[in-house]
Amino acid sequence: MGGIGNHLHWDHLSPPLGIAMMLKTLLLSSCLGWVYCQDSSIMSAEEKNTIREQIVEMFDHAYGSYMKYAYPADELMPLSCRGRVRGLEPNRGDIDDSLGKFSLTLIDTLDTLVVLNKLDEFEEAVKKTVRDVRLDNDVVVSVFETNIRVLGGLLGAHVMAELLRERGERMQWYEDELLHMAKDLGHRLLPAFNTSSGLPYPRVNLRYGVLNPLSRTGTESDTCTACAGTMILEFAALSRLTGDSVFEEHARKALDVLWEKRQRGSDLVGTVINIHNGDWVRRDSGVGAGIDSYYEYLMKAYILLGDNVYLERFNIHYSAIMKYISQPPLLLNVHMHNPTVSVRSWMDSLLAFFPGLQVLRGDLKPAIETHEMLYQVTKQHKFLPEAFTTEFRVHWGQHPLRPEFAESTYYLYKATGDPYYLRVGQSIVEKLNAYARVPCGFAAVQDVRTGTHEDRMDSFFLAEMFKYLYLLFTEKSQLPFDIDDFIFTTEAHLLPVSLSTTQRPCKGNNTVEAPTLIQEEDMFTYSCPSTQTLFPNNPSFAKTIRDSYKYLTGVGRAFHSLPVREIELPLHDTGMEPVEFLKSMGISLTPLHEAASSDSEHKGVYRVKLVAEVSQAPEDEVLPIIVQLISPPFLGRTVLTGGPAKFGMDLTKKEHGVKGSIVKSSPYTACGPIHNEDELKGHIALALRGDCMFAGKARRLQEAGAVGVIFIDNREGSNSEETPLFQMVGDGDSTADLLDLPLVFLFSREGAVLTAALEEHSNVDVLLLPKERQLGHEKPVGMNIKFRLAEEGELDEGLLARGPTLEFVLENGEVRLEEKGEEVLLEKGEVRLEEEEEKGEEVLLVEEEEEKGEVRLEEEEELGGKERAGERHCTAVSDDGSTEPCSEQAGQTSPSDSSETLDINNSGPPDTDV
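The structure displayed is predicted, hence computed values, not measured ones. (Residues numbered from 1 in each chain as written. Predicted model: local features only at pLDDT ≥ 70, side-chain atom pairs only at ≥ 80, totals over all residues. Heavy atoms only, no water.)

Could you clarify how one ought to interpret the layout of surface pockets in this entry?
Any empty space left between atoms is shown by rolling a water-sized probe over those atoms. The calculated volume of the second largest pocket comes to roughly 1500 Å³. Around the second largest pocket, the lining is made up of 50 residues, and of these Phe144, Glu145, Ala289, Leu350 and Arg402 lie nearest the centre. Contributions of two or more residues to the lining of the second largest pocket are made by α5 (143–167), β5 (222–224), α7 (225–229), α10 (292–305), β13 (346–348), α14 (404–416) and α16 (459–472). When residues in the lining of the second largest pocket are grouped by element, the largest group, five residues, is from α5. (1 Å grid on protein atoms, 1.4 Å probe; cavity = no way out; pocket = protein on both sides within 12 Å on 5 of 7 lines; lining within 4 Å. Points joined across faces, edges and corners; volume = space filled by probe spheres on them. Helix = DSSP H or I, 4+ residues; strand = E, 2+ residues; numbered from the N terminus.)

Okay, here's the thing in structure tokens:
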């Protein structure tokens, strides 16, 4: 998926049904406008030029390696420094269906050469293609991959060659040779559409077609939705450039079938469909692998061809996606017939294109949310894993240098002008150079957790990745043509949007609009979104959205005081941080069960304010652990503060702590077999955070004979003064119970002190023990919170004067904590106040579980012993601040409770800065 033009112009705006609207040009950047956000440093022109030159150098390294070591083979094997020829290398299954002995990488890269202003290289590459490439090969290829990579590559290169020829400077010898090759290839793909439904076979033999006895194909019965639905751009462009309507007609028919076979209740499609009868084989629905470019091509077919039908279909699908699949920042997979049911707990990396498509749709907020989530995952794992869980752990560790994240980054930058996205692009460039570059090109990453490489450099790396990165850092004036006159295919090949007006629709276009297409419209149904509509006079719009998701994958940045303090935590996330962050503020959460059924959404749910004062009381909180350097020359004077683990040895039960010499683990991440077991035996191991789970590292190090483990944060600059401590959690494996060694987590800055000491001195002894014991103090006192109800506005000002006061505002779907003039917003959390109808009770019993230090809001179902049923319990607060219990009959109101204030008595300021 790629960029499109800068502005919209209509002959007239027709109703949603009836007259088809013609799209003249689409200029995204001026329509969306430029918004500079305040959270990112502006990137200077010099710095952009430097990064752009770096991207060109990287492209030269990759393309030059292919031409030197692999051409005319389809792909480069960057570790072996030779070409991958189908049949000569071990078979890789479906991956090899892209290879057709037609110099795939060269054809896929042709129009990238023009974008990067390498016009001499382009002209030479076109000559090689015309002279050397043959399509009459007895090889079975993927219809989908051959269409988007080879047919799209030939068409994009033809358009570029024609553009240069018309200028009169280059390509004067060119006589549409690439277009003739494209037409030849189109006819070789057409036999795949010879099915009873009109959906194409997934594979075709370039020489013998499908049903020929020599074809070795035609026995398949299924294809993926994207495979059948990602033909219209290339086939329609081929028809309109050659005047042969047969290609566009077949691609339209396939789209018509998919539309008719959608699930009418949800308006979603499945992942795999039977090509003969149209029955769904796999009914899971998402926006990732198997479906992705079907949605993309509906939107882009409208842009390229000006046919209103495609946009209306896309809008109906998009509404369903946003209703069932999009749960910002996540994009889930659901059952198409029962879309409220999620069918898997992981996401695949191909969905990273979707924020870019949302930009085209004008829906920037969810685009920013999902993109930020993806960025956080890349920061955690260096690259997007091929699949990752909803908790952002690796599901499949491969990364074949996919360009979809760079694509969406490009779109968001063009839509917002926010230099933040330039920094994201810069990080992509740096990670490719640091972790994927090899002497003969760039190698795919076999596992992001280990950084091992795979002998693979797919053609899309040159066709898409460098195109998007280069355009991200390039001004329009620096390009050899007007990028706004083109739309990118899913393989980032360039097709002119003028096809909708300069070439008439093909005869045989019998796709008609139907009354079933009527749907509720919004402001962007038929118009390009306007920045002023999206976020008028609010240049920090994108930043405020991103900030909601900066705690997704681990402990985030330090919290800094602002005039109005706002923190949004993703409480839907099951990770450790939200709860631990709240605990650092003295707030302990207890999960509340959801209501029994969705039809009683508002039953027993109230909007109230909780006004709280903080008093000191025992509280279950993160207990700091210290690493004390006790060997000379430190002699106990150097003390480093760290966090504990929820598994392994409980250091609070070791009277004198655990003492030992420290030794670095090899490998340092401890994510593979331990190589220095002899050195570790009987010592405390140092291990770097990242690449695998804490518990997995601890198991390996315990088996190697270590008597303790100190984990060091891999995020440069983190420290215990600015970042709240947290407890390391296990991985859910029952073997975590077998771990009996002490585990401590040090942030980067503290860890650097320890590693520097080890480098300077051959032997460093440390003592691990709870911080309270080292300081000689008793256990620090936590916070106990008591509440009584109060109506809004009835807060006694005298109460505020006695000390720091927190005000809890509970509304649907959110909890607000307001401190005099200050506010903290915790989204996604919900507190339910449940009413017991049978007894007519209106007030909750507030109980404290002293052992756990948790505050529960519960309703008293049975009052035993001293109280009788129907009574309610509260805490009365006297004028001098003392408290005493009180009770009264349900339905009665005493003077002390008429204010319905939830009061928290405070005997001192809180020990954390909210």
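Once the structure has been displayed, the description carries forward.
Just to check I follow, could you spell out the pattern of salt bridges for this structure?
A side chain with one charge may pair with a side chain of the opposite charge, provided their charged atoms come close. Under the definition given, this model contains 40 salt bridges. With its nearest N and O atoms 3.7 Å apart, the salt bridge here joins Glu220 to Arg203. Of this pair, Glu220 sits in the loop between β4 (203–205) and β5 while Arg203 sits in strand β4, placing them 17 residues apart in sequence. For Glu260, the salt bridge goes to Arg264, with nearest N and O atoms at 3.0 Å. (Salt bridge = Lys/Arg side-chain N within 4 Å of Asp/Glu carboxyl O.)

Help me understand the state of the cysteines, please; the structure alone is not making it clear to me.
Here a disulfide denotes a covalent bond joining the sulfur atom of one cysteine to the sulfur atom of another. A complete count under the given rule lists two disulfides for this structure. In this model, Cys81 is linked to Cys440 through a disulfide, with the two sulfur atoms separated by 1.9 Å. Here the S-S torsion is close to 90 degrees, and the disulfide linking Cys81 with Cys440 is therefore right-handed. Of the two residues, Cys81 is situated in the loop between β1 (75–77) and β2 (82–84) and Cys440 in the loop between β16 (437–438) and β17 (441–442); the sequence distance between them amounts to 359 residues. Here Cys224 connects covalently by a disulfide to Cys227, the sulfurs 2.1 Å from one another. In this structure the cystine formed by Cys224 and Cys227 twists about its S-S bond by roughly 90 degrees; its chirality is therefore right-handed. (Disulfide = S-S within 2.5 Å.)

Sorry if this is basic, but what is going on with the packing of helix α9 (residues 246–260) against helix α11 (residues 308–325) here?
The geometry of a pair of packed helices is captured by two quantities: the angle between their axes and the separation between those axes. Following both chains from N to C, one finds α9 and α11 inclined at 30 degrees, their axes separated by 12 Å at the closest point. Regarding α9 and α11, the two cross each other, and that crossing is left-handed. Residues Arg252, Leu255, Asp256 and Trp259 of α9 form the contact with α11, whose own contacting residues are Tyr310, Arg313, Ile316 and His317. Per-class residue counts for the contact of α9 with α11 are four nonpolar, one polar and three charged. (Axes fitted to C-alpha atoms, helices over the stretch in contact; angles between N-to-C directions. Left-handed = near helix turned anticlockwise from the far one by under 90°. Contact = heavy atoms within 4.5 Å. Nonpolar A, V, L, I, M, F, W, Y, C, P; charged D, E, K, R; others polar.)

Help me understand the sheet that holds strand β7 (residues 280–282), please; the structure alone is not making it clear to me.
Ordered in space as β5-β6-β7, the three strands form an open sheet in which the pairing is antiparallel. Each end of this open sheet is capped by a strand with a single partner; those strands are β5 and β7. With direction set aside, neighbouring strand axes in the sheet form an average angle of 35 degrees. Judged from the two bridges that link them, strand β6 (residues 272–274) and β7 form a sheet pairing that is antiparallel. Counterpart to Ile273 in the pairing with β7 is Trp280. (Pairing = 2+ DSSP bridges.)

Before we go on, may I ask you to explain a negative patch on the surface in this structure?
Negative charge collects at one region of the surface, where Glu677, Asp678, Glu679 and Glu703 lie side by side. Among the elements that take part in the negative patch, helix α21 (residues 677–680) stands out by supplying three residues, more than any other. Examined against the element boundaries, Glu679 turns out to sit in helix α21. (Patch = residues over 30% accessible without salt bridge, like charges linked within 9 Å, V, L, I, M, F, W, Y side chains within 5 Å. Areas by Shrake-Rupley, 256 points an atom, 1.4 Å probe, with all protein chains shown as cover. Lys, Arg positive; Asp, Glu negative; His and termini not counted. Charge placed at Lys NZ, Arg CZ, Asp CG, Glu CD.)

Help me understand the nonpolar core, please; the structure alone is not making it clear to me.
General note: in soluble globular proteins, nonpolar side chains tend to be found buried as a group. Formed by 174 residues in total, the largest nonpolar core has its most connected members in Phe122, Leu432 and Phe442. Per element, the largest residue contribution to this core is 13 residues, and it comes from α5. Ranked by size, the runner-up nonpolar core spans 25 residues in total, among them Val622, Ala645, Phe647 and Ala687. (Core = buried A, V, L, I, M, F, W, Y, C linked by side-chain atoms within 4.5 Å. Buried < 20%, exposed > 50% of the residue type's maximum accessible area, 1.4 Å probe, protein only.)

What should I look at first to understand the packing of aromatic side chains in this one?
Here the distance between the centres and the angle between the planes together describe a pair of aromatic rings. Considering all chains together, one arrives at 25 aromatic pairs under this definition. Seen in terms of ring centroids, Phe461 and Phe466 are 4.9 Å apart; in terms of plane orientation they differ by 65 degrees. Their pairing is edge-to-face. The two residues Phe461 and Phe466 agree in class, both being buried. Among the aromatic side chains, those forming a connected cluster through ring pairs are Phe59, Tyr63, Phe442, Phe461 and Phe466. Stacked on the ring of Trp346, the Lys or Arg Arg344 has its end atom at 3.8 Å from the ring centre. Lying over the aromatic face of Tyr668, Lys664 brings its terminal NZ or CZ to 4.6 Å of the ring centre. (Phe/Tyr/Trp six-rings, centres within 6.5 Å; stacked < 30°, edge-to-face > 60°. Lys NZ or Arg CZ within 6 Å of the ring centre and 35° of its normal.)

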